[in-house]
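Each chain, written out:
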Amino acid sequence: LADRRRYIAAIREAMLRPEHLDKMSVDAVMQTGMGDVADKYLKNKVAAELTPGVEDLETSAWSGDDGLTTVEYSAFGVIGAITPTTNPTETITCNTIGMLAAGNAVVFSPHPRARDLSVWQVQTINRALREAGAPENLVVTVAEPSIENTNKMMEHRKVQMLVATGGPGIVRTVLKSGKKAIGAGAGNPPVVVDETADIDHAAKCIVDGASFDNNLPCTAEKEIIAVDAIADLLKFHMVQHGAYELSAEQVKQLEGLILGERGAATEWIGKSATAILEGIGVEPPAGVRLLVCEATKEHPFVQVELMMPVLGLVRAPDVDAAIDLAVELEHGNRHTAVMHSQNVSKLTKMGKLIQTTIFVKNGPSFTGIGIGGEGFTTFTIAGPTGEGLTRPRSFARSRRCVLVGDLNVR
Ligand code: NAD
């Protein structure tokens with residue numbers, strides 16, 4: 001455990017070097033064509049600082065007349081981890097810390113679009129581990145990531161656990177593997193605003209959360225459900241905080257631009273609000289971070305996980321209808337939801353009904369992963385398989401050790 005603590009400290013130190021944070025943020029945007037450099041810097045920093053380490057592996061113990069029994073978290077073995085384009089380096093940092101803290105080794109299958117950066121990061125982590133005296137190759141990847149190579153990795157007899165952070169396809173694939181699998185899949189987080197909320201604060205939180213890293217995070221607000229009585233006021237304040245309200249004609253133009261055959265058009269995922277506005281020939285006003293439009297609940301800007309700073313706003317007659325709609329629009333992903341309200345009963349009602357892994361109240365969505373909210377961070381949020389915000393113990397086996405008759409000294 002002392003060795004592991006040293007290795008984790010070395011990884012944190014290497015990932016937190018300012019020149020490395022710069023490289024990971026700049027190169028991720030360049031190589032994947034998605035996201036925002038300053039936000040990625042913050043995400044990378046948080047991943048290195050706030051992912052729990054060895055201290056997460058708490059032992060349970062029972063002592064009594066029959067002796068002493070402990071349950072300890074023990075290494076699983078070699079883990080195959082599949083990482084997304086949207087958080088390429090954050091996920092490698094977070095998974096490496098959590099998986100090594102639990103005593104495992106990791107084979108990473110990064111997204112091909114993040115290949116060069118992922119290979120650099122794995123090499124940099126290995127260099128830090130070597131300097132800290134760790135065994136060679138605790139963390140590895142392939143020079144040429146591809147679906148074929150990921151499949152080979154998943155089938156390898158020495159890979160004992162699979163952890164997929166990505167869309168529904170890869171989560172389904174690991175679940176069918178026959179191996180222990182953790183699936184961290186897609187979301188479509190709704191944000192509900194009711195008439196009791198601090199509307200100015202709610203507006204700022206939504207613009208901050210939904211524009212963070214150009215809406216790439218799986219946790220970011222993806223559609224707004226506003227109680228009719230405060231919807232206009234909410235839009236007014238959102239515009240003051242950097243939102244731009246699209247006209248009906250601009251919405252039509254955007255549909256042609258950012259929607260592909262199967263959901264969002266890849267080339268527009270993670271692009272900035274200003275780039276998207278320019279894409280439809282609109283000169284962006286200064287300070288615009290988010291595009292918003294009124295929509296019906298059937299509209300793709302409400303239904304589809306766009307991963308762009310473009311949000312549909314749906315009106316609901318009252319808070320109960322708004323909560324019901326949020327549950328519907330979350331599509332059963334059990335991922336993330338947000339609500340702005342001062343009514344504790346309604347906050348509680350939404351939490352109970354929506355059953356998401358993360359439920360943020362009166363804050364921007366990123367507080368749910370520890371950025372401005374209490375608690376540890378993770379970049380692998382396992383809704384489908386139930387581990388929730390993964391941490392070292394999620395990557396461990398639980399083992400019981402029983403000593404009969406002795407070591408109870410009472
Ligand atoms: P993606 O599903 O396209 O790719 C994710 C990873 O899986 C990549 O490494 C990709 O190469 C691999 N992959 C995809 N299909 C595969 C297949 N058939 N066989 C083998 N490998 C395959 O997702 P993305 O665009 O990189 O990331 C965005 C998605 O990930 C969004 O849906 C987002 O919500 C989700 N996401 C979820 C979490 C979470 O913690 N729950 C975190 C980040 C991203």
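Above this text you will find the structure in question.
Below you will find a few notes about this structure. Per chain, the residues get numbers from 1 upward, laid out in the order the sequence is written. It should be noted that, the model being predicted, local features are given only for residues of pLDDT at least 70 and side-chain atom pairs only at 80 or more, the latter also being counted only at that level, while totals for whole chains, interfaces and linings use all residues. Excluding hydrogens and water, the side-chain figures rest on all heavy atoms present in the structure.

Let's talk about the layout of surface pockets
Going by this rule: With a 1 Å grid spanning the protein atoms alone, the term cavity applies to any set of points in which a 1.4 Å probe fits but cannot get out, the term pocket to an open set with protein on both sides within 12 Å along at least five of seven lines, and the term lining residue to any residue with an atom within 4 Å of a point. Grid points are joined across faces, edges and corners, and a volume is the space filled by probe spheres set on the points. Numbered from the N terminus, helices here are DSSP runs of H or I no shorter than four residues, and strands are runs of E no shorter than two. Think of it as three bins: nonpolar holds Ala, Val, Leu, Ile, Met, Phe, Trp, Tyr, Cys and Pro, charged holds Asp, Glu, Lys and Arg, and polar takes everything else, Gly as well.
In this structure, the largest pocket occupies an estimated 1,400 Å³ of space. Along the walls of the largest pocket sit 47 residues, with Gly-166, Gly-167, Pro-168, Gly-169 and Ile-170 positioned nearest its centre. For the lining of the largest pocket, the elements supplying multiple residues, two or more each, are α6 (147–155), α7 (168–175) and β12 (263–264). For the lining of the largest pocket, the leading source of residues is α7, giving six residues. Taken together, the residues of the lining of the largest pocket break down into 21 nonpolar, 22 polar and four charged.

A word on the packing of helix α4 (residues 88–101) against helix α5 (residues 115–131)
Defined as follows: Helix axes use the C-alpha atoms of the stretch in contact, all axes being lines fitted to C-alpha atoms, and the angles between their N-to-C directions lie in the range 0 to 180 degrees. In this scheme, a crossing is called left-handed if the near helix is turned counterclockwise away from the far one by less than a right angle; it is called right-handed if the turn is clockwise. The contact criterion used is simple: two residues touch if any of their non-hydrogen atoms lie within 4.5 Å.
α5 packs onto α4 with a crossing angle of 35 degrees between their chain directions and a minimal axis gap of 10 Å. Considering how the two elements wind past one another, α4 and α5 form a crossing that is right-handed. Only Leu-117, Ser-118, Gln-121, Ile-125 and Leu-129 of α5 make contact with α4, whose side of the interface consists of Pro-88, Thr-89, Ile-92, Thr-93, Thr-96 and Leu-100.

Here's the deal with the packing of aromatic side chains
Any aromatic ring pair is given by two values, namely how distant the centres are and how the planes are angled relative to each other. Selection criterion: A pair of aromatic rings is counted whenever rings of Phe, Tyr or Trp (Trp by its six-membered ring) have centres within 6.5 Å, and the orientation is called stacked for planes under 30 degrees apart, edge-to-face for over 60 and tilted otherwise. Two limits define a charge over a ring: the Lys NZ or Arg CZ must be within 6 Å of the ring centre, and within 35 degrees of the ring normal.
A complete count under the given rule lists one aromatic pair for this structure. Arranged with centres 4.9 Å apart and planes meeting at 55 degrees, the rings of Phe-212 and Phe-366 form a pair that is tilted. Within this pair, whereas Phe-212 is found in the loop between α8 (199–211) and β9 (223–227), its partner Phe-366 is found in the loop between β16 (358–361) and β17 (381–382), the two being separated by 154 residues in sequence. Positioned over the ring face of Trp-62 is Arg-400, at 5.8 Å from the centre of the ring.

Notes on the nonpolar core
Basically, it comes down to this: Only buried residues count toward a nonpolar core. Its members are Ala, Val, Leu, Ile, Met, Phe, Trp, Tyr and Cys residues joined through side-chain atoms within 4.5 Å. Using a 1.4 Å probe on the protein chains alone, a residue whose accessible area is under 20% of its type maximum counts as buried, one over 50% counts as exposed, and one in between counts as partly exposed.
Counting residues in hydrophobic clusters, the biggest one holds 52 residues, and the most contacted among them are Val-193, Ile-224, Leu-234, Met-238 and Met-350. Discounting chain neighbours no more than four positions away, the residues touching Met-350 are Val-192, Ile-323, Ala-326, Ala-337, Val-338, Met-339 and Phe-359.

Concerning the site of the ligand
For clarity, the cut-off: A cutoff of 4 Å decides nearness: a residue is near a molecule or strand if any of its heavy atoms lies inside that distance of it. Distance and chemistry together define a polar contact, namely a pair of N or O atoms within 3.5 Å, with one atom able to donate a hydrogen and the other to accept it when in protein, and with adjacent residues in sequence counting only for side-chain atoms on both sides. Residue-level accessible areas treat just the shown protein chains as cover; the underlying method is Shrake-Rupley with a 1.4 Å probe. Pocket or cavity membership: a molecule qualifies when more than half of its atoms sit within 2 Å of the grid points of that site.
The environment of the ligand is made up of 27 residues, and the closest members are Thr-83, Thr-85, Gly-167, Glu-305 and Ile-381. Within the backbone of Thr-85, an N or O atom sits 2.7 Å from an oxygen atom of the ligand. Residue Gly-185 places a main-chain N or O atom 2.8 Å away from a nitrogen atom belonging to the ligand. Surface burial for the ligand is 85%, taken as the share of its 830 Å² of free accessible area covered by protein chains. A molecule is said to occupy a pocket when more than half its atoms come within 2 Å of that pocket's grid points, and by this definition the ligand occupies the largest pocket. Of the residues in the shell around the ligand, the class split is twelve nonpolar, 14 polar and one charged.

Structural notes on the sheet that holds strand β5 (residues 139–141)
Here is the rule: Between any two strands, at least two bridges found by DSSP are needed for them to pair.
With parallel pairing, five strands are arranged side by side in an open sheet as β5-β4-β3-β6-β7. The sheet is open, and its two edges are formed by β5 and β7 (180–184), each paired on a single side. Put simply, the sheet's adjacent strands are angled 20 degrees from each other on average, direction ignored. Where strand β3 (residues 78–82) lies against strand β6 (residues 159–165), five bridges are found, and the strand directions are parallel.

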